[in-house]
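If you want the building blocks of each chain, they are given just below.
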Amino acid sequence: MLTYRTDFAGDSDRADVSVFAAQPFYIFQLGKGNYLRGAPIWVFDLENDNYHVPVGLGFGKVIASGSTVYNFFIEPQFTVLDKGPGQPQFQLFMAVNMQFK
């Protein structure tokens with residue numbers, strides 16, 4: 001997935017915005033509802049020449065219970081390239097998604 005965000009209106013005394021983001025994603029089915037996954041978001045602040053590029057590899061499990069399907073996952077993400085203040089070196093991405101039949 002690719003996204004580009006920029007400003008085009010508003011107060012002229014505000015800082016300009018020009019941000020490009022890419023999100024490669026990969027999923028490997030292991031069987032029995034188990035899978036490996038990765039979905040890091042690479043962010044490039046073109047206006048300030050800053051960037052953050054993590055990679056991730058996590059584990060997920062899909063479980064059906066009654067009329068609901070649960071999808072649990074946890075994905076550690078490590079930064080491989082970064083420039084600029086406040087860039088994280090490690091992130092932990094986790095979630096529970098539910099699908100109701």
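Anything mentioned here points back to the structure above.
Presented here is a report on the structure given in the accompanying data block. Bear in mind the structure is a predicted one, so any value in this text is a computation, not a measurement.

Cut-offs applied
- Residues numbered from 1 in each chain as written.
- Predicted model: local features only at pLDDT ≥ 70, side-chain atom pairs only at ≥ 80, totals over all residues.
- Heavy atoms only, no water.
- Buried < 20%, exposed > 50% of the residue type's maximum accessible area, 1.4 Å probe, protein only.
- Helix = DSSP H or I, 4+ residues; strand = E, 2+ residues; numbered from the N terminus.
- Pairing = 2+ DSSP bridges.
- Contact = heavy atoms within 4.5 Å.
- Polar contact = N/O pair within 3.5 Å; in protein donor to acceptor, adjacent residues only side chain to side chain.
- Salt bridge = Lys/Arg side-chain N within 4 Å of Asp/Glu carboxyl O.

Examining unusual backbone geometry
A positive phi angle, close to 55 degrees, is found at lysine 32, a residue other than glycine. Residue class for lysine 32 comes out exposed when judged on its relative accessible area of 78%. Positive phi, normally seen in glycine, also occurs at aspartate 49, with a value near 60 degrees. Structurally, the position occupied by aspartate 49 is in the loop between strand S5 (42–45) and strand S6 (50–56).

Let's talk about the pairing of strand S2 (residues 18–22)
Looking at chain direction, strand S1 (residues 2–6) and S2 are connected through 5 bridges and run antiparallel. Along S2, the bridge assignment pairs arginine 5 with valine 19. Relative to S5, S2 is paired through 4 bridges, and the arrangement is antiparallel. Across the sheet, the residue bridging to phenylalanine 20 is phenylalanine 44, located in S5.

Digging into the environment of leucine 57
Residue position: leucine 57 is located in the loop between S6 and strand S7 (58–65). Once residues within four sequence positions are removed from consideration, leucine 57 is found in contact with Leu36, Arg37, Glu75 and Pro76.

Topic: the side chain of glutamine 77
If you trace the backbone, glutamine 77 turns up in strand S8 (residues 68–83). When its relative accessible area of 6% is taken as the criterion, glutamine 77 is described as buried. For glutamine 77, the side chain forms a polar contact with the side chain of glutamate 75, separated by 2.9 Å. For glutamine 77, the residues in contact, after removing those within four places along its chain, are Ala39, Pro40, Pro54, Val55, Gly56, Gln89, Phe90, Gln91 and Phe93.

Observations regarding the pattern of salt bridges
Applying the stated criterion across every chain yields a total of 3 salt bridges. In this structure, the salt-bridge partner of aspartate 11 is arginine 14, at a minimum N-O distance of 3.8 Å. On the accessibility criterion, aspartate 11 (48% relative accessible area) is partly exposed. Residue arginine 14 is classed as exposed on the basis of its relative accessible area, which comes to 58%. Where aspartate 49 meets lysine 83, a salt bridge forms, and the shortest distance between an N and an O atom there is 2.5 Å. Here the residue aspartate 49 occupies a position in the loop between S5 and S6, and lysine 83 occupies one in strand S8, the gap between them amounting to 34 residues. Classification of lysine 83 as partly exposed rests on a relative accessible area of 35%.

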